[in-house]
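The residues making up each chain are set out below.
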Amino acid sequence: GVRPRIPLDGFWGFRLDPGNAGESNGWFKGFESSDHIYVPASWNEQNPDWDGYSGVAWYLMDFYVPRELNGLTPWIIFEGSGYLSRVWVNGVFIGEHEGSFTLFKFKIPNLNYGGWNRVVVKIDNTLKPDNIPPGEGLNATYFDFYHYGGIQRPVWVEFTHGCFIDDLIIATRHDGYLKVQPVVNCSRPFKLELSLLDKSGGVVYSRVVEGAFEDYVKGLEPWSIEHPVLYTLEARLITNNDVEDTVTERIGFRTFEVKAGGFYLNGESIFLKGFGRHEDYPIFGRALPGPVLIRDYYNMRRINANSFRTSHYPYSNAHLDLADEFGVLVILEAPLVGLREHHFSNRDYLEKAKRVISEMIRQHRNRPSVVMYSVANEPNSITDEARVFLGELMNHVKSIDPTRPVIYTSFRHLDDKALGLGDAVALNIYFGWYSDTGDVETGVAKAVKLIEEVHSRYPDKPIIITEFGAEGVTGLHHDPPVAWSEEYQELFLRRYIEELSKKPYVRGLHIWNYADFRTPQNPRRVILNTKGLYTRDRRPKLATRTVAELFSKLK
Ligand code: ADA
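As a starting point, this report considers the structure included with it. (Residues numbered from 1 in each chain as written. Predicted model: local features only at pLDDT ≥ 70, side-chain atom pairs only at ≥ 80, totals over all residues. Heavy atoms only, no water.)

### Focus: the overall build of the chain
Thinking step 1. For the chain, the count of helices and strands is eight helices and 32 strands.
Thinking step 2. A compact globule built from 555 residues should have a C-alpha radius of gyration of about 24 Å, and the chain, at 24 Å, falls within 12% of that.
Thinking step 3. Expressed as lengths along the three principal axes of its C-alpha atoms, the size of the chain is roughly 70 × 60 × 45 Å.
Thinking step 4. Counting only residues that meet the buried cut, the chain has 60% of its 555 residues in that class.
Thinking step 5. Counting contacts in the chain only where the partners sit at least 6 residues apart, residues at least 24 apart contribute 71% of the total.
Thinking step 6. Counting every atom, the chain has about 21,700 Å² of accessible surface; 50% of that belongs to carbon and sulfur.
Thinking step 7. The distance from the centre of the 63 positive side-chain charges to the centre of the 71 negative ones in the chain is 2 Å. (Helix = DSSP H or I, 4+ residues; strand = E, 2+ residues; numbered from the N terminus. Rg over C-alpha atoms; globule rule 2.2 N^0.38 Å. Buried < 20%, exposed > 50% of the residue type's maximum accessible area, 1.4 Å probe, protein only. Contact = heavy atoms within 4.5 Å. Areas by Shrake-Rupley, 256 points an atom, 1.4 Å probe, with all protein chains shown as cover. Lys, Arg positive; Asp, Glu negative; His and termini not counted. Charge placed at Lys NZ, Arg CZ, Asp CG, Glu CD.)

### A closer look at the sheet that holds strand β13 (residues 164-172)
Thinking step 1. As summarised here, the arrangement of the three strands in space is β13-β14-β17, forming an open sheet in which the pairing is antiparallel. Each edge of the sheet is formed by a strand with only one pairing partner; in this case those strands are β13 and β17 (213-216). Going across the sheet, the axis of each strand differs from the next one's by a mean of 20°, ignoring polarity.
Thinking step 2. One ladder, built from four bridges, connects strand β14 (residues 177-185) with β17; its direction is antiparallel. Pairing of Lys179 across the sheet is with Glu214, part of β17. (Pairing = 2+ DSSP bridges. Axes fitted to C-alpha atoms, helices over the stretch in contact; angles between N-to-C directions.)

### Some points on the side chain of Thr535
Thinking step 1. Relative to the helices and strands, Thr535 resides in the loop between β32 (528-529) and α8 (543-553).
Thinking step 2. If we skip the residues at most four places from it in the chain, Thr535 touches Thr474, Ala515, Asp516 and Lys541.

### Describing the nonpolar core
Thinking step 1. Within the largest apolar cluster, 97 residues are counted, with the highest numbers of intra-cluster contacts made by Leu336, Val375, Leu427 and Ile465.
Thinking step 2. With sequence-adjacent residues up to four places away left out, Leu427 is seen in contact with Ser410, His413, Leu419, Leu450, Ile451, Val454, Ile463, Ile464, Ile465, Thr466 and Glu467. (Core = buried A, V, L, I, M, F, W, Y, C linked by side-chain atoms within 4.5 Å.)

### Looking at the site of the ligand
Thinking step 1. Inspection of the region around the ligand gives Asp144, His312, Asn377, Glu378, Asn428, Tyr430, Tyr434, Glu467, Trp512, Arg525, Asn529 and Lys531 as its neighbouring residues.
Thinking step 2. Asn377 has a polar side-chain atom sitting 2.8 Å from an oxygen atom of the ligand.
Thinking step 3. Within the side chain of Trp512, an N or O atom sits 3.3 Å from an oxygen atom of the ligand.
Thinking step 4. Starting from 320 Å² of accessible surface for the ligand in isolation, the protein chains cover 91%.
Thinking step 5. By residue class, the composition of the shell around the ligand is three nonpolar, four polar and five charged. (Near = heavy atom within 4 Å. Polar contact = N/O pair within 3.5 Å; in protein donor to acceptor, adjacent residues only side chain to side chain. Nonpolar A, V, L, I, M, F, W, Y, C, P; charged D, E, K, R; others polar.)

### Some thoughts on the sheet that holds strand β28 (residues 425-428)
Thinking step 1. Taken in spatial order, the eight strands of this closed barrel run β23-β24-β25-β26-β27-β28-β29-β30, and their pairing is parallel. The mean angle between the axes of side-by-side strands here comes to 25°, regardless of whether they run parallel or antiparallel.
Thinking step 2. Across three bridges, the pairing between strand β23 (residues 272-276) and strand β24 (residues 307-309) is parallel. Looking across to β24, one finds that Gly276 is bridged to Arg309.

### Looking at the pattern of salt bridges
Thinking step 1. Here the structure, examined in full by the defined rule, presents 46 salt bridges.
Thinking step 2. Where Asp51 meets Arg518, a salt bridge forms, and the shortest distance between an N and an O atom there is 2.6 Å. You can see Asp51 sitting in the loop between β3 (35-39) and β4 (56-65) and its partner Arg518 sitting in strand β31 (residues 517-518), a full 467 residues away along the chain.
Thinking step 3. The partly exposed category is assigned to Asp51, whose relative accessible area is 23%.
Thinking step 4. With a relative accessible area of 11%, Arg518 lands in the buried category.
Thinking step 5. Among the ionic pairs, Lys105 bridges to Asp166, the shortest N-O distance being 3.6 Å. Separated by 61 residues along the polypeptide, Lys105 in strand β9 (residues 104-107) and Asp166 in strand β13 bring together distant segments of the chain.
Thinking step 6. Assessed through its relative accessible area of 32%, Lys105 is described here as partly exposed. (Salt bridge = Lys/Arg side-chain N within 4 Å of Asp/Glu carboxyl O.)

### Considering the pairing of strand β2 (residues 10-16)
Thinking step 1. Taken together, the five bridges between β2 and β3 define a ladder with antiparallel strand orientation. Paired with Gly10 across the bridge in β3 is Val39.
Thinking step 2. Pairing geometry for β2 and β4, over four bridges, is antiparallel. Bridge pairing in β4 places Gly13 opposite Leu60.

### Describing the packing of helix α6 (residues 440-457) against helix α7 (residues 486-500)
Thinking step 1. Running from N to C, α6 and α7 cross one another at 30°; their axes reach a closest spacing of 10 Å. Here α6 lies roughly parallel to α7, going by the angle between them. Between α6 and α7 lies a crossing of right-handed hand. For the pair α6 and α7, contact is made by Val440, Glu441, Gly443, Val444, Ala447, Val448 and Ile451 and by Tyr488, Leu491, Phe492, Arg495, Tyr496, Glu499 and Leu500, respectively.
Thinking step 2. In the contact of α6 with α7, the residues fall into 10 nonpolar, one polar and three charged. (Parallel < 35°, antiparallel > 145°, perpendicular 65-115°, else oblique. Left-handed = near helix turned anticlockwise from the far one by under 90°.)

### Some thoughts on the side chain of His396
Thinking step 1. Here His396 is to be found in helix α5 (residues 384-400).
Thinking step 2. For His396, a relative accessible area of 15% translates into the label buried.
Thinking step 3. Here the side chain of His396 touches Lys354 through a polar contact of 3.1 Å, landing on its backbone oxygen.
Thinking step 4. Leave out the neighbours within four places in its chain, and His396 touches Lys354, Ile357 and Ser358.

If you want it as structure tokens, here you go:
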């Protein structure tokens, strides 16, 4: 009943293919003069020659499969690779996936047992205006973060028996409500034995089912920020008295609601304080190594943050596993950043956007930490067409997962035609940085005026400031505090937090950004966007102590 796994993380063969000639030259069977590369990680900073490369590249790995596994069904699973990934095993094409940030898998029809197998992956991360996110040329993108490429998350081969559990869709509430919808791939009669295990492995609930059910489990501890209690739901698939498959899902019992103009966790009003973030680290690129993730969560705890947004794409399983464990609330954002007029009028693009949202929700919906979705960051939503487009995306989310609130983040503010569509109003605000640069008091006054007006238009909706921030170049000091100095960043964040938190309808403040991150080359950027409260390698800037103190006072 267990699924054997062969991890494919490690050193792979690699070759750039700027002319996109590899496929016609048969590289999917293998290729000569291969370079070395590590998976999972972006390719860019592993070799200075690949740093600015955006285009086609090939990956190759040979792996051994023991003969004992013959008779099972093999799958190759990529947690995230892209942008476009085409996969061959032993020279046979087995599938293609578009998008860098969601898990995908293909059945392997031709595996050699008791011998070697070769997987070849062709990646094309050329930026195109109808990609998600859209782009055009490496340095003229629609978004302000580096366009890394490669196999950036773990890869493995997994084996199932003939019948298997394809998915478990789980919903919980803090009063012990449990709903499970199993998706089982089996043409024979079957039943499912479900057990809920606590941390010590004790069975606190069990049940045998053939399909979906809901129930109340007694005596559970809810999942909360202070006590993020996790349980394991074990599902065993039984056919003819044999256990054919076993899967586990880690869950928590919690309720998150938007009501009465506020955010509520387990029935209690909560203020969301934290960050917009990025997955970005020297050399690793998009793949945050385990120790860095651990450090990030301890830093967030130290600074009294309770939440973050996965700006501007869904993060890795490891990243969000830790949110479940640390009790951090997550706004899970789809990679739809930088949408413009030509996207809103394009039905194919809408369908593609829905697909990526479906994949994102399927992968992360059972996490207690994920409390809200964001369908897009800063769409140019000043037309009726944009309003319809965003409305369709939000309806799509609700049709898949009616249990969670949904937002998008707005930079068009009062000109925004879709502002009231979300469960909360989310604003990205930079007065005092991009306008009134260096004049924080004018900036804050404009921000206050804006949220007063937004509140008067949407009095029932809580407001979350999903971005506000100023650049702070580490070690650049100035008295008086002028733009780009660490002192100005400290002043900017302090004044924004002090003034905006006075408004009772502001129920969330997310600083842009947790850490400095790499951007396209740009006259406004010093390789990095330096709005991080920490440097790219996680050293604190001047503002960290101020933020820790102000966040500790926000309840
Ligand atoms: C935008 C955008 C972010 C960020 C920010 C900035 O608001 O949403 O991606 O980079 O600008 O720093 O300019």
